Structure formats: structure tokens, C-alpha cells
Amino acid sequence: MAVREVPAILSMAALDDAAHIPDGAPAIEPPLCVNNIQGNSLAGFNKDHQTLIFFRIDDVPKFRGWLGREVPFVATLAEVLTFNRLFKAVRFRRKAESRAVQSTWLNIVFTAQGLSKLDAAETAKFTDAAFKQGLAARSASLGDPTDPASEGFAGNWAVGGPDDKLDGMLIIAGDDVDDVAAEVRRVEDGIYGRRVAGVASAVDSGLSITYKQHGATLPPPLTGHEHFGWLDGVSQPGVRGTVSDMKDGEHLDLLTLRENPNEPGQGKPGQDCLYPGEFVFGHPAQNPDAEINVPGEMKQGGPSWSDDGSFVVFRRLRQDVGGFHAFLKKQARELGINDLELGSKFVGRWPSGSPVIVDDVHDRPDIGRDDARNNFFEFRAKPKDGTPPKDGSQADPGPSPDPDPNGVLCPFSSHIRKAYPRDDTSPNFFPSLNEPTTQTHRLLRRGIPFGPPFEDDPNDDGERGLVFIAYQTSIENQFEFVTKRWVNDPGFKEPNVGADPILGQATGTDRARTVRITYVDPEGNTTTAPVTIPQDFVVPTGGGYFFSPSIEALCGFAGVPVPPDLHRCTHPPQPATPPPAPPPHYP
Ligand code: HEM
């Protein structure tokens, strides 16, 4: 597989934009407690194989004992980041994928119910109502099917339905399928006892496994793509913050390398760096009322142990790949265009990852595979053209593409424009939509496909899709907001543009939805037409809302000593009474 990356180096490369810090505001690059934060949130495991193990706590004192034995195995941000830097450095120098360094990681997250068993009084202090209620209870409000006969109805889910009293989930991820299987075995042995000749020696760990979900990167030629065939994981928010006290001249050791010579607040060109409080508690978050580089309020979760923790949304989303492509072919024939062109209008990118705003008639794999260019666009204002890099850690994205304020190239309904409208505004319909408010609704996505690639086989059971995992500090204001107010709203950001054609969920039992797309017809005319999507091609078949506690919090639940040197950052005390929910941005 081609390496699609601008140079990423081991050493420090950063900016010092201290000049932008208002008096008394938190540091513009807040120190991160890299030994206290679990690694999948801010660094991302980025592994080809993953197994999720869902569990129920049966006996709390015994569970605490089990947890105490597992804490040393929980991968920290420091470990995952160090590995990711080394992996990238090797890959960059070799100009090829490499198996020179490999790792297998474990993280552990809990539902509100699971945390209540460990510390009911503090769990009650979480201010996020969605987290406390759980995903199954919120499913209908997210536009999921409400007909009990429908596969997507929460009562029919494979995992996380209303009767499935989940307490937690283990995330095991690795580069090698056998290593992941070995780690799963180690965990299971710790829960049930080692199996000898098929018989488990009794271990009373106080928990039971209720469900397992495997995920894996698809084999070539779909590596890195989701099942419909589009490259995934292209766009992620950058995260501000330092990861050590090292300094190289004026350069800080930053979590997200600054690779755009023109925009010191961006990681890769087009990747805005956000305050860490958007994704981990106990840190400053974005300020919806100021330029995006000005820090906002300290994000606090409520419980005394919520600092350095994050909320995790998990959804098991089955994809009807055959149905989606049959629909694309039929519909594209009627419009007189290519089926992948239509699909790319739905996604906002071509299968290669190349944005349709750059070219909506041809896929541009050269751009799709180039991380310096595949995110280098805005919808409303043209970014500054690239300039020659100052050093080897930076990239020249070249000339920036023209913007698309009217949704001619990239439809307002396309998945990427719905899920992240970048600098879009909507003075008449959503007056408060602007870049600073939009940056308070971002997600760190950590998903992976499940099931084999689609083959047109009559015996195919259709069991494939996306294990969607996203980290944030407000489920209500991030995952749920994006889903309800943007993705599912046919009137966002202009009337009648339609709900997201990939995800959008009509309410009730009539699942059809109509989007408006503009395309170049066979006569070469730019035409706008409604396209009706008759059914859901993405169906929720499981899910849950979780919290990823810090290492210190895990030690507290387990009653084991906290490792030394956990903190390089200080967190302000939690307020005695939870802060009021912020006012909604939109009417
Ligand atoms: C099976 C379901 C899904 C499929 C097939 C899918 C597919 C994709 C693809 C192909 C991209 C473009 C590549 C990229 O920017 O990484 C993308 C981006 C994105 N998706 Fe999804 N996605 C799914 C579910 C979801 C869900 C449930 C959400 C959240 C509500 C979501 C939110 C996003 C966001 C925020 C982006 C990045 C947009 C940007 O930054 O430009 N996706 N998705």
C-alpha cells in the first residue's frame, strides 16, 4: 500500500503562538498528563485488528481485584504516542509499510451503570444526561428505526440493547491478528481461568463476558477503506497540548505536529488543532465565541475522578453494501452519470479520499493519498495557498482549491459536510453556525470495519459494517448534536437539502429520504436534482455510551496504589455544583 503521508518525524517541531494568548487564559498548548490518559483517545491505536469484549460486573469486590491486576496492562497515551511516532518514523524512512515495530494495546471503558457499581455517589455527578441514560434509551431520538420488526430497532441489537445491561467494554487492538488473539486469551484466562484440555480452572474474577466484536482493516485493495469502498479516517481534528517538557529552541513537544507552514494552528494542512478539553476532561476546551485559537472554559465532567477521562460512543453499524451499490448504479443511470460519481457526491469525497470540492467529476488518487492535500480545503473561504516548508517536518500543500459556498461541488447533504461543516455559515437559517461554534462539535473517530469484504454471493449473510467509536467530552453536544442537528436534519444547513444520504435516519417507519445534489449532466450542463434514497443502507445493530477513566481513576476503583509520576499537569478542583448546561447554539 502506498504511504500517504507528509513527513512525520520523531523530534519536536512546533510553533510558539504565545502572542495569541489573552491575558490570564490557560496556556495555548496545555500540558497533557500522558501517563494518566488512556491511549486510544488522544493518540489513537490505529491498528489493523481489534476485538471489543463487553462485560458485566457480577461481584464488585472481586471485580476490583481483577481490575487491579489489569491496570498495568492498560495502554497509556505516553506509550501509544511513543509507539506511533516510532512507527511513522520507520515507515517514513523506508517509504513503505513495515512490520519492524508492532504492539498490542488494551483500554478499558465503563457504562454509567458499570461506574455506578464502583462509585455510585460520584457517578451521579456526571452532567451529561445522554451518558447517564445510555445509548439504547436515546436510540429513537437519534433517528434509529422505531419499528420493533426492524433490525435496527434497539430491542433487536446484537449488543447494548435495552435489556443488555452492559457495564463495560475492553478494547484490544494490535498490528497482528495472532497477537490480538493471544491478548484476548490472556484477558479471558484472567476472567475465567486458564483452560487446560478445554476445562477452565476456576477463577472468580467477578465479571462475565457478554459479547465479543472483532474488527479488522479490509484486505487490499480496500485497505484503509470502509465497506462501501471509500477511504476512511482521512479527516480528524488535531489536538493542542504538550506531551513532555522538552523544548527544541522555541519549539514545544506537541501532541499534534504542526505541518502547515502557513497556519501554525493546524496539524496537517487543513487540520485545525483544538483544545484538549473537547476530548479529555480537566483541560480547556474551544471557545465558541472567539477565534478558534482562543481557549475556552475548563471542561469538567462532574465526578472527582473524571479528569483525564473521555466519553466513548460505540455503534455497531451494519452496512448493506450490495444494496447501496445496486441503488447507486440504478440511480446514476437515470441521472446519466457514473455510479461512483454519485456515491462521491453522497460522501463528499471520492473512494480514494480526494475531496469532491477539488474535482467533482474525476477521482484524484494523487490527492486522496496525500495527507498534505486531502484535507486542504474550506467550504466558504479559500485557505491561503501553500508555501515552501520551513523544515522537513512540514509540507507544501500547493495552491488551495476554490471554496464552494453554494454546495455546487460538495452538496450540503454530503456526509462530510453534514458531519463537519468546517467554515460554513447560514445567516438565514442557522445564524450561529460558524467555525468557532462548529469546532465545539468535533469527534475523534477511532472506528474499524467488521466482517469480510463484500462479494456478490447469494450465500452472503450481510454481516459487515463499521465499528464506530468516537471520543469526546460531551455526548450531548458532540456525537448526539452532530447526529440530530446536522446529519439527520434535512433542513441543515439550508432548507430541503436533505439528510445525510450515508447515515441520515428518517424518523419513524418511512425510511426514505431525499437529498438535492448538483452535478454535471451528460450534455455538460450543471444540473440540480432531487435523489430519493429508498431505505437505510447503514443499520444500527448495537451500541453503548461509555466513559474511559484515567489510570488514576482506575487505580482508585481497584483500590491499588497510583503509579508515581502520573501527573505533569494540574487540574482545577471540580465545582461543588455542576455547571449549568451551555445554551444551545441554534434556535
Ligand atoms: C457505516 C457508517 C459510516 C460510514 C460508511 C462512514 C464513512 C465515512 C467516510 C468515507 C468519511 C470520509 C473520510 C474521512 O474524512 O475520514 C467519513 C468522515 C466522517 N464521518 Fe463517517 N461514516 C460512518 C459513520 C459515521 C457516524 C456514525 C458519524 C457520527 C455521527 C460519522 C462522522 C464522520 C465525521 C465527523 C467525518 C469527518 C468529516 C470531516 O472531518 O471532513 N460517520 N465517514
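In this text the structure is predicted, and so the values were computed from the model without any measurement. (Residues numbered from 1 in each chain as written. Predicted model: local features only at pLDDT ≥ 70, side-chain atom pairs only at ≥ 80, totals over all residues. Heavy atoms only, no water.)

> Outline the overall build of the protein, listing residues and values.
Of the regular secondary structure elements, the protein holds 14 helices and 19 strands. Its C-alpha radius of gyration of 23 Å places the protein within 12% of the 25 Å reference for a compact globule of 587 residues. On the principal axes, the C-alpha backbone points of the protein span a range of 70 × 60 × 50 Å. In the protein, of all internal contacts separated by at least 6 residues, the share reaching a separation of at least 24 is 71%. Where the 57 positive side-chain charges of the protein centre and where its 79 negative ones centre are 2 Å apart. (Helix = DSSP H or I, 4+ residues; strand = E, 2+ residues; numbered from the N terminus. Rg over C-alpha atoms; globule rule 2.2 N^0.38 Å. Contact = heavy atoms within 4.5 Å. Lys, Arg positive; Asp, Glu negative; His and termini not counted. Charge placed at Lys NZ, Arg CZ, Asp CG, Glu CD.)

> Describe the pairing of strand β1 (residues 49–57), listing the residues and the values that go with them.
Put simply, side chains in a regular strand alternate between the two faces of the sheet. Burial of β1 is extensive: seven of the nine residues sit out of reach of the surface. Note: β1 against strand β3 (residues 168–174), seven bridges, orientation antiparallel. Paired with Gln50 across the two strands is Ala173, which belongs to β3. Across nine bridges, the pairing between β1 and strand β6 (residues 207–216) is antiparallel. From the neighbouring strand, Leu52 faces β6, where its bridge partner is Gln213. (Buried < 20%, exposed > 50% of the residue type's maximum accessible area, 1.4 Å probe, protein only. Pairing = 2+ DSSP bridges.)

> Summarise the coordination of the iron atom of the ligand; cite the residues concerned and give the values.
Protein coordination of the iron atom of the ligand is limited to a single donor, His415 (NE2), positioned at 2.1 Å. Among the secondary structure elements, His415 is positioned in helix α11 (residues 415–419). (Donors = N, O, S within 2.8 Å, 3.2 Å for Na, K, Ca; no water.)

> Got a sec to walk through the pairing of strand β9 (residues 251–254)? Specific residues and values, please.
Where strand β8 (residues 242–248) meets β9, three bridges bridge the pair, whose relative direction is antiparallel. In the sheet register, Asp248 faces β9, and the bridge partner there is His251. Between the antiparallel neighbours β8 and β9 lie two residues, among them Gly249 with a positive phi of about 65 degrees.

> Tell me about the nonpolar core, and please be specific about residues and values.
Grouped together as the largest cluster of nonpolar side chains are 70 residues, with contacts concentrated most on Phe63, Leu67, Ile108, Phe110, Phe131, Phe346 and Tyr545. With sequence-adjacent residues up to four places away left out, Phe63 is seen in contact with Phe55, Ile57, Phe110, Leu118, Ser205, Gly206 and Leu207. Ile37, Leu52, Leu77 and Phe314 belong to the second-largest nonpolar core, a separate cluster that totals 38 residues. (Core = buried A, V, L, I, M, F, W, Y, C linked by side-chain atoms within 4.5 Å.)

> I'd like a description of the packing of helix α8 (residues 321–335) against helix α9 (residues 339–347), backed by residues and values.
For the pair α8 and α9, the least separation of the axes is 8 Å and the interaxial angle reads 105 degrees. Of the possible angle classes, the one that applies to α8 and α9 is roughly perpendicular. Two secondary-structure elements touch here, α8 through Phe324, His325, Phe327, Leu328, Lys329, Gln331, Ala332 and Leu335 and α9 through Asp339, Leu340, Leu342, Gly343 and Phe346. Residues of the contact of α8 with α9, tallied by class, amount to eight nonpolar, three polar and two charged. (Axes fitted to C-alpha atoms, helices over the stretch in contact; angles between N-to-C directions. Parallel < 35°, antiparallel > 145°, perpendicular 65-115°, else oblique. Nonpolar A, V, L, I, M, F, W, Y, C, P; charged D, E, K, R; others polar.)

> Outline the packing of aromatic side chains, supporting the account with residue identities and numerical values.
Tallying each qualifying case throughout the model produces 33 aromatic pairs. Considering the side-chain rings of Phe54 and Tyr211, the 6.0 Å spacing of their centres and the 55 degrees angle between planes classify their relative orientation as tilted. Note that Phe54 is positioned in strand β1 and Tyr211 in strand β6, a separation of 157 residues in sequence. The class of Phe54 is buried, set by a relative accessible area of 0%. Consider the rings of Trp305 and Phe557, whose centres lie 5.0 Å apart with planes at 85 degrees: the pair is edge-to-face. Here Trp305, found in the loop between β12 (295–299) and β13 (310–319), pairs with Phe557, found in helix α14 (residues 551–558); they are 252 residues apart in sequence, far enough to count as distant. One aromatic cluster in this structure is built from Phe55, Phe63, Trp66, Phe110, Phe126, Phe131, Phe281, Trp305, Phe311, Phe547 and Phe557. (Phe/Tyr/Trp six-rings, centres within 6.5 Å; stacked < 30°, edge-to-face > 60°.)

> Report on the side chain of Asn84, specifying residues and quantitative values.
Locating Asn84 in the fold gives a position in helix α3 (residues 77–94). Exposure remark for Asn84: the relative accessible area of 13% places this residue in the buried category. Within the structure, Asn84 has its side chain in polar contact with the backbone oxygen of Gly44 (distance 3.1 Å). Among residues more than four places away in sequence, those in contact with Asn84 are Ala43, Gly44, Phe45 and Asn46. (Polar contact = N/O pair within 3.5 Å; in protein donor to acceptor, adjacent residues only side chain to side chain.)

> So what's going on with the site of the ligand? Residues and values would help.
Residues in contact with the ligand amount to 25 residues; listed here are only the nearest, Gly233, Val234, Ser235, His415 and Arg445. Arg349 places a side-chain nitrogen or oxygen 3.5 Å from an oxygen atom of the ligand. Within the side chain of Arg422, an N or O atom sits 3.2 Å from an oxygen atom of the ligand. Residues that form the shell around the ligand fall into these classes: 15 nonpolar, five polar and five charged. (Near = heavy atom within 4 Å.)

> With reference to specific residues and values, describe the confidence of the model for the protein.
Looking at the protein, pLDDT values average 91 and 91% of them are 70 or higher. Residue range residues 7–22 is modelled with pLDDT below 50. Its contacts to residues more than four positions away, or to other chains, number 46 contacts. (pLDDT = per-residue confidence, 0-100.)

> Residues and numbers for the environment of Gly504, please.
Looking at where Gly504 falls in the secondary structure, it is placed in the loop between α13 (479–487) and β17 (513–520). By relative accessible area, Gly504 is classed as buried at 0%. The spatial distance from the C-alpha of Gly504 to the C-alpha of Gly206 is 40 Å, given a sequence separation of 298 residues. Those residues in contact with Gly504 that sit more than four places away from it in its chain are Val487, Asn488, Ala499, Arg513 and Asp536.

> Account for the pattern of salt bridges, with residues named and values stated.
Inspection of the entire model under this criterion finds 35 salt bridges. With its nearest N and O atoms 3.2 Å apart, the salt bridge here joins Asp58 to Arg56. Residue classification places Arg56 among the partly exposed residues on the basis of a relative accessible area of 34%. Connected through shared salt-bridge partners, Arg138, Glu476, Glu480 and Lys484 make up one network. (Salt bridge = Lys/Arg side-chain N within 4 Å of Asp/Glu carboxyl O.)

> Report on α8, specifying residues and quantitative values.
With 15 residues, α8 should reach 21 Å at 1.5 Å per residue; the first-to-last C-alpha distance of 21 Å fits that figure. Turning to α8, its buried residues are Val321, Phe324, His325, Phe327, Leu328, Gln331, Ala332 and Leu335. Considered in projection along α8, the buried side chains sweep an arc of 160 degrees and stay on one side of the axis. Exposed residues on α8 whose side chains face more than 90 degrees from its buried face are Arg333 and Glu334. Contacts made by the buried residues of α8 are with β13, α9, β17 and β18 (526–533). Measuring from the backbone nitrogen of Gly323 back to the side-chain oxygen at the start of α8 gives 2.8 Å, which picks out Asp320 as the cap. Count one or two residues on from α8 and you reach Gly336, which has phi positive near 80 degrees. (Expected span 1.5 Å × (residues − 1). Arc of directions from axis to C-beta.)

> Go over unusual backbone geometry with me, naming the residues and quoting the values.
Note the cis peptide between Pro220 and Pro221, where omega equals 5 degrees. By the secondary structure assignment, Pro221 is in the loop between β6 and β7 (238–239). With omega at 0 degrees, the peptide bond leading from Phe492 into Lys493 counts as cis. You can see Lys493 is positioned in the loop between α13 and β17. Located in the positive-phi region is Asn46, a residue other than glycine, with phi close to 50 degrees. Tracing the backbone through its elements, the reader meets Asn46 in the loop between α1 (39–42) and β1. Taking relative accessible area as the criterion, Asn46 reaches 60% and is therefore assigned exposed. Non-glycine residue Asp308 carries a positive phi angle of around 65 degrees. Turning to its location among the elements, Asp308 is positioned in the loop between β12 and β13.

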